[in-house]
Amino acid sequence: MPHRPEGTLANRIRDLRSENGRLTQEQLAERAQVTRQTIIAVEAGRYVPSLILAMRIARALKHSVEEVFCLDD
């Protein structure tokens, strides 16, 4: 049986959008070069972003990847 990592990827996108001058999902999507639907899915935890997307989101929020995303054991 293959090894499957435990835990889920949690994020602070909603909180950081608020801290970042009430940044909307649409504005974040533009800055991260994705659709608003992608931001909605990542923020809700329904979609795990690629490393590149996680880095784009973190950069758009002016935080490190580790400040935006964490492994929730």
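Above this text sits the structure in question.
Here we summarise the structure given alongside this text. Note that the structure is a prediction, hence the values are computed from the model and not measured.

**Some details on the packing of helix α2 (residues 25-32) against helix α3 (residues 36-43)**
Part 1 of the reasoning: Relative to each other, α2 and α3 sit at 105 degrees, their axes nearing to 8 Å. With respect to α3, the element α2 is oriented roughly perpendicular. Facing Q25, E26, L28 and A29 of α2, the residues of α3 in contact are R36, I39, I40 and E43.
Part 2 of the reasoning: Across the contact of α2 with α3, the residue classes break down as four nonpolar, one polar and three charged.

**A look at α3**
Part 1 of the reasoning: Within α3 the residues assigned to the buried category are I39, A41, V42 and E43.
Part 2 of the reasoning: Lining the buried residues of α3 we find β1 (8-11), α1 (13-19), α2, α4 (51-61) and β2 (69-72).
Part 3 of the reasoning: Backbone geometry just after α3 places G45 at a positive phi near 80 degrees.

**Thoughts on α4**
Part 1 of the reasoning: When we look at burial in α4, the residues that qualify are L53, A54, I57, A58, A60 and L61. What you see down the axis of α4 is that its buried residues fit within an arc of 160 degrees, all on one side. Of the exposed residues in α4, the ones pointing more than 90 degrees away from its buried face are L51, I52 and R59.
Part 2 of the reasoning: Where α4 is buried, its residues contact α1, α2, α3, α5 (65-68) and β2.
Part 3 of the reasoning: Count one or two residues on from α4 and you reach K62, which has phi positive near 60 degrees.

Conventions and cut-offs
- Residues numbered from 1 in each chain as written.
- Predicted model: local features only at pLDDT ≥ 70, side-chain atom pairs only at ≥ 80, totals over all residues.
- Heavy atoms only, no water.
- Axes fitted to C-alpha atoms, helices over the stretch in contact; angles between N-to-C directions.
- Helix = DSSP H or I, 4+ residues; strand = E, 2+ residues; numbered from the N terminus.
- Parallel < 35°, antiparallel > 145°, perpendicular 65-115°, else oblique.
- Contact = heavy atoms within 4.5 Å.
- Nonpolar A, V, L, I, M, F, W, Y, C, P; charged D, E, K, R; others polar.
- Buried < 20%, exposed > 50% of the residue type's maximum accessible area, 1.4 Å probe, protein only.
- Arc of directions from axis to C-beta.

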